[in-house]
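# Inside the fold
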There are 2 protein chains.
Amino acid sequence: MQGTAQTSSQPATAYTPTDRTVPTRSANRAAYDRELVHAILDEAYVCHLGFVRDGAPVVLPTLYARVGERLYVHGSTGSRPLRAAGQTDPGLPVCLTVTHVDGLVLARSAFHHSINYRSVVVHGVAHDVTDPEEKRRALDALVDHVVPGRAADSRPANRKELAATAVIRLDLDEVSAKLRTGGVNDEPEDLALPHWAGVVPVHRTYGTPVPDPDLTPGTELPDYLEAR
Amino acid sequence: MQGTAQTSSQPATAYTPTDRTVPTRSANRAAYDRELVHAILDEAYVCHLGFVRDGAPVVLPTLYARVGERLYVHGSTGSRPLRAAGQTDPGLPVCLTVTHVDGLVLARSAFHHSINYRSVVVHGVAHDVTDPEEKRRALDALVDHVVPGRAADSRPANRKELAATAVIRLDLDEVSAKLRTGGVNDEPEDLALPHWAGVVPVHRTYGTPVPDPDLTPGTELPDYLEAR
């Protein structure tokens, strides 16, 4: 695996596996390639953020954005994980997971049914972003991550809104991807069974944008939405 | 809230809120209605399962199915959370979260950008399913939850496959839904800004099923896939 003996300032081409990023099973589905991880992260915008509260796990869906080797999550300054990240020294241990479902794999045997998917799991410690410039850039990235080009075409947050928003940062360091691609893996003795077998592709699609009823007449749909 | 003083054997129409299912913010988005929770759970098949390992949170995507007031998750007997649920007495504390993304909400202000979504968060303790009958029913439910009607149209698991598969159960008891629906909530003073505002609907769609190359010639696409 790359990445352990890198000495230049260039990031290694892969994340270094650790005990908790090497799966106990289906190790062939695990990947540490940096470009692959970035591609999976950049294609989604909702993650599931896990943290521990009073000794028990909590998993909440939330928006995120990637800027280089950092992920950002934002929320109200009153929300539990964001408050915890700000109050906890040295930060809040989290696990941030992103999953794309690409297909339903229907095998002849119930046992070999599966899902084609791509996921990324990031382990680390989330820190409150206190630098105003970094916070502003992170908030722009969060808007642009959902709709590229949108941050420049909206009113930026004012002082009051910035004060009401907390941003936490999670470095991409202990990271793994896991993927299942391809077709059906039935047992050879099952191939002649009469059941249909194959893959049903799954996609995320976008419908026709619905304008706000109060939209100023004549406001056209921006190019960055036309292209969806 | 319903559900606290129910005395009949009929389940209450709503789950009883607890300290950890009442959000610290956007409480108006929280819901405890049992039918709503079931509908959100039944429309998805991939959840994000959180648990604590060596004091740190872990969040993994996995398939699940609902049978009445129980959720089931399955996996290899070698997988970490399933092993932990079997070994831990009295079970493994988990948080199971399901999220649908329904729309991108583009406000005139960056601050009021949002996502229309429906999510369910289940807190509880997962137990290994040891009863063979319950395990078999859960495995059927897991296949039928992804593709209704499929369990009866596939070869059931044999003894060896059953032995290699672990199933864990999580009761629907400490449960909440959270939703955001509707349009843009801009500040009144922002309404005249020149930025387009509105909602972009997001859907999950299915492509044309791709048959396995080894499919017995003449095997037709089953009705339960035609309908997708």
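For every chain, the first residue of the written sequence is number 1, and numbering continues from 1 along that sequence. Numbering of ligands from 1 and lettering of chains from A proceed in the order in which they are written. Totals for whole chains, interfaces and linings use all residues, but because this is a predicted model, local features are given only for residues with pLDDT of at least 70 and pairs of side-chain atoms are given and counted only at 80 or more. Computation of side-chain values: all heavy atoms of the structure, hydrogens and water removed.

Under the annotation held in an unreviewed UniProt entry, chain A carries the name Flavin-nucleotide-binding protein and is attributed to Streptomyces viridochromogenes.

A word on the overall build of chain A. Per the convention used, a helix needs a DSSP run of H or I reaching at least four residues, while a strand needs a run of E reaching at least two, with both numbered from the N terminus. Within chain A one finds 5 helices and 10 strands. Taking the principal axes of the C-alpha coordinates as reference, chain A spans close to 65 × 50 × 40 Å. Of all 228 residues assigned to chain A, the portion counted as buried reaches 51%. Under the convention used here, Asp and Glu are negative, Lys and Arg are positive, and both His and the chain ends fall outside the count. The atom standing in for a charge is NZ when the residue is Lys, CZ when it is Arg, CG when it is Asp and CD when it is Glu. If you average the places of the 23 positive and of the 29 negative side-chain charges in chain A, the two averages end up 5 Å apart. Throughout this description, buried means an accessible area under 20% of the type-specific maximum (1.4 Å probe, protein chains only), exposed means over 50%, and partly exposed covers the range between.

A word on the nonpolar core. Counting 30 residues, the largest nonpolar core has Leu104(A), Leu106(A) and Tyr45(B) as the members making the most contacts within it. For this core, the elements supplying multiple residues, two or more each, are strand 5 (92-106), strand 6 (114-128) and strand 9 (198-206) of chain A together with helix 3 (132-146) and helix 5 (223-226) of chain B. We call a set of buried Ala, Val, Leu, Ile, Met, Phe, Trp, Tyr and Cys residues a nonpolar core when their side-chain atoms join them within 4.5 Å.

The next point concerns the pattern of salt bridges. Residue and element names in this part refer to chain A. Note on definitions: salt bridges are taken to be side-chain nitrogens of Lys or Arg within 4 Å of carboxyl oxygens of Asp or Glu. Counted under the stated rule, the structure contains 31 salt bridges over all chains. Residues glutamate 134 and arginine 70 are paired through a salt bridge, measuring 3.0 Å at the closest nitrogen-oxygen approach. Separated by 64 residues along the polypeptide, glutamate 134 in helix 3 (residues 132-146) and arginine 70 in strand 4 (residues 70-76) bring together distant segments of the chain. Residue classification places glutamate 134 among the buried residues on the basis of a relative accessible area of 10%. Taking relative accessible area as the criterion, arginine 70 reaches 32% and is therefore assigned partly exposed. Where salt bridges share partners, they join Arg70, Glu134, Arg169 and Asp171 into one cluster.

Here we come to the relation of the copies chain B and chain A. Superposing chain B onto chain A takes a rotation of 180° combined with a translation of 0.0 Å along the rotation axis, leaving an RMSD of 0.0 Å. In the structure described here, the two chain copies are related by an operation that fits a two-fold rotation axis. For chain B, the residue whose C-alpha comes nearest the rotation axis is Arg204(B), separated from it by 2.4 Å. Contact definition: two residues touch when any of their heavy atoms are within 4.5 Å. Both copies contact each other with a shared surface, as 100% of the interface residues of chain B are interface residues in chain A too. Here the copies were fitted onto each other by least squares, based on C-alpha atoms from residues at pLDDT of at least 70 in both.

The next point concerns the packing of aromatic side chains. In this scheme Phe, Tyr and Trp rings, the latter by its six-membered ring, pair at centre separations within 6.5 Å, and the angle between planes marks the pair as stacked below 30 degrees, edge-to-face above 60, and tilted otherwise. Enumeration according to the criterion identifies 0 aromatic pairs over all chains in this entry. Criterion for a charge above a ring: Arg CZ or Lys NZ at most 6 Å from the ring centre, at most 35 degrees from the ring normal. Across from the ring centre of Tyr15(A), 4.3 Å away, lies the NZ or CZ of Arg34(A), which sits over that ring.

Before going further, it helps to examine the interface of chain B and chain A. Each side of the interface is counted separately: chain B has 89 residues, and chain A has 89 residues. Simply put, the buried area is the total loss of 1.4 Å probe accessible area from both parts when two parts are fitted together. Buried area between chain B and chain A, both sides added, is near 7000 Å², and the carbon and sulfur share of it is 63%. Connecting chain B to chain A are 6 salt bridges. Ionic pairing is found between Asp190(B) and Arg155(A), a salt bridge with its closest N-O pair at 2.7 Å. The definition of a polar contact used here is a pair of N or O atoms within 3.5 Å, where within protein one atom must be able to donate a hydrogen and the other to accept one, and adjacent residues in sequence count solely through side-chain atom pairs. On the surface where chain B and chain A come into contact, there are 32 residue pairs in polar contact (both at pLDDT 80 or more).

So, about the pairing of strand 8 (residues 174-180) of chain A. Residues and elements named next belong to chain A. A large share of strand 8 lies buried, amounting to 6 of its 7 residues. Here, a strand pair is defined by DSSP locating no fewer than two bridges between the strands. Of the strand pairs in this sheet, strand 1 (residues 30-31) and strand 8 are connected by 2 bridges, and their pairing is antiparallel. By the bridge assignment for strand 8, alanine 31 is matched with alanine 177. Relative to strand 8, strand 6 runs antiparallel, the two being bridged by 7 bridges. By the bridge assignment, tyrosine 117 is partnered in strand 8 with arginine 180.

A separate point is the state of the cysteines. Residues and elements named next belong to chain A. Two cysteine sulfurs form a disulfide in these notes if their separation is within 2.5 Å. Counted according to the given criterion, the structure contains 0 disulfides over all chains. Looking at the unpaired cysteine 95, the closest cysteine sulfur is the one in cysteine 47, lying at 10 Å. Residue classification places cysteine 95 among the buried positions, given a relative accessible area of 0%.

Below, the discussion takes up the confidence of the model for chain A. Each residue carries a pLDDT score, the predictor's confidence in it, ranging from 0 to 100. Mean pLDDT over chain A stands at 91; residues scoring 70 or higher make up 94%. Confidence over residues 1-7 of chain A falls short of pLDDT 50; this stretch has 14 contacts with residues more than four positions distant or in other chains.

Turning our eyes to something else, we now look at helix 3 of chain A. The terminal C-alpha atoms of helix 3 of chain A lie 22 Å apart, and with 15 residues this matches the ideal 21 Å at 1.5 Å per residue to within 8%. When helix 3 of chain A is considered as a whole, its buried residues turn out to be Glu134(A), Lys135(A), Ala138(A), Leu139(A), Ala141(A), Leu142(A), Val143(A), His145(A) and Val146(A). Helix span, as expected, comes to 1.5 Å for every residue beyond the first.

One can find Thr165(A) in strand 7 (residues 165-171). Overall, Thr165(A) belongs to the buried group, its relative accessible area being 7%. Polar side-chain contacts of Thr165(A) include one of 2.8 Å to the backbone oxygen of Glu161(A). Non-local contacts of Thr165(A), meaning those with residues more than four positions away in its chain, are made with His74(A), Gly75(A), Thr77(A), Lys135(A), Leu139(A) and Phe111(B).

The next subject is the environment of Gly86(B). All names here are of chain B. Structurally, the position occupied by glycine 86 is in helix 2 (residues 80-87). Overall, the relative accessible area of 41% leaves glycine 86 in the partly exposed class. For the pair formed by glycine 86 and histidine 112, sequence separation is 26 residues and the distance between their alpha carbons is 45 Å.

Turning our eyes to something else, we now look at the pairing of strand 5 of chain A. All names here are of chain A. Burial of strand 5 is extensive: 11 of the 15 residues sit out of reach of the surface. Of the strand pairs in this sheet, strand 5 and strand 6 are connected by 13 bridges, and their pairing is antiparallel. The residue bridging leucine 104 from the neighbouring strand is isoleucine 115, located in strand 6. As judged from the 4 bridges shared by strand 5 and strand 9, these two strands associate in the antiparallel manner. Bridge pairing in strand 9 links leucine 106 to glycine 198.

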